[in-house]
Amino acid sequence: MDELLDALDLLADSGLEGIVTWLVRIVGLVALLAGLGLWLFTEMGLLVVPALLILVGLVLLVAPSVLLFAAELA
């Protein structure tokens, strides 16, 4: 966890935190939409893959804000 916070601190110092945050959020949104699309528009008997995509998408949408907040506190 310390290495991740150090990397976020380095990004904050270089001014690239906004770009990286939005890239992670876009990837999360794409994963969320892909999971919803698989769940709603296909006849998959096993719903593990859509559920995992939805979960990963939600985590990636929330994680940048939480990590940057934790980096500011440290």
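Below you will find a few notes about this structure. Counting restarts for each chain: residues are numbered from 1 in the order of the written sequence. Reporting in this predicted model follows two pLDDT cut-offs: at least 70 for local features of residues, and 80 or more for side-chain atom pairs to be given and counted; totals over whole chains, interfaces and linings ignore these cut-offs and use all residues. For side-chain calculations, the full set of non-hydrogen atoms in the structure is used, while hydrogens and water are omitted.

1. Digging into the environment of P50
Helix numbers and strand numbers start at the N terminus; a helix is a DSSP run of H or I with at least 4 residues, a strand a run of E with at least 2. Summarising the element assignment, P50 is placed in helix α3 (residues 48-73). Between the alpha carbons of P50 and A34 there is a distance of 7.5 Å; along the sequence they are 16 residues apart.

2. What about the packing of aromatic side chains?
Each Phe, Tyr or Trp ring (for Trp, its six-membered ring) is paired with any other whose centre lies within 6.5 Å, and the angle between the two planes then decides the class: stacked below 30 degrees, edge-to-face above 60, tilted in between. Counted under the stated rule, the structure contains 0 aromatic pairs. Our definition puts a charge over a ring when NZ of Lys or CZ of Arg is within 6 Å of the ring centre and also within 35 degrees of the ring normal. Above the face of the W22 ring, R25 is positioned so that its terminal group lies 5.0 Å from the ring centre.

3. Regarding the environment of W39
Relative to the assigned elements, W39 resides in helix α2 (residues 17-41). On the basis of relative accessible area, W39 is assigned to the partly exposed category, the value being 46%. What W39 contacts, discounting residues up to four positions off in sequence, is L47 and P50. Only protein chains enter the accessibility calculation, which uses a 1.4 Å probe; a residue is then buried when its area is under 20% of its type maximum, exposed when over 50%, and partly exposed in between. Any two residues whose heavy atoms approach within 4.5 Å are treated as being in contact.

4. Describing the side chain of T21
On the secondary structure map, T21 appears in helix α2. A relative accessible area of 9% means that T21 is categorised as buried.

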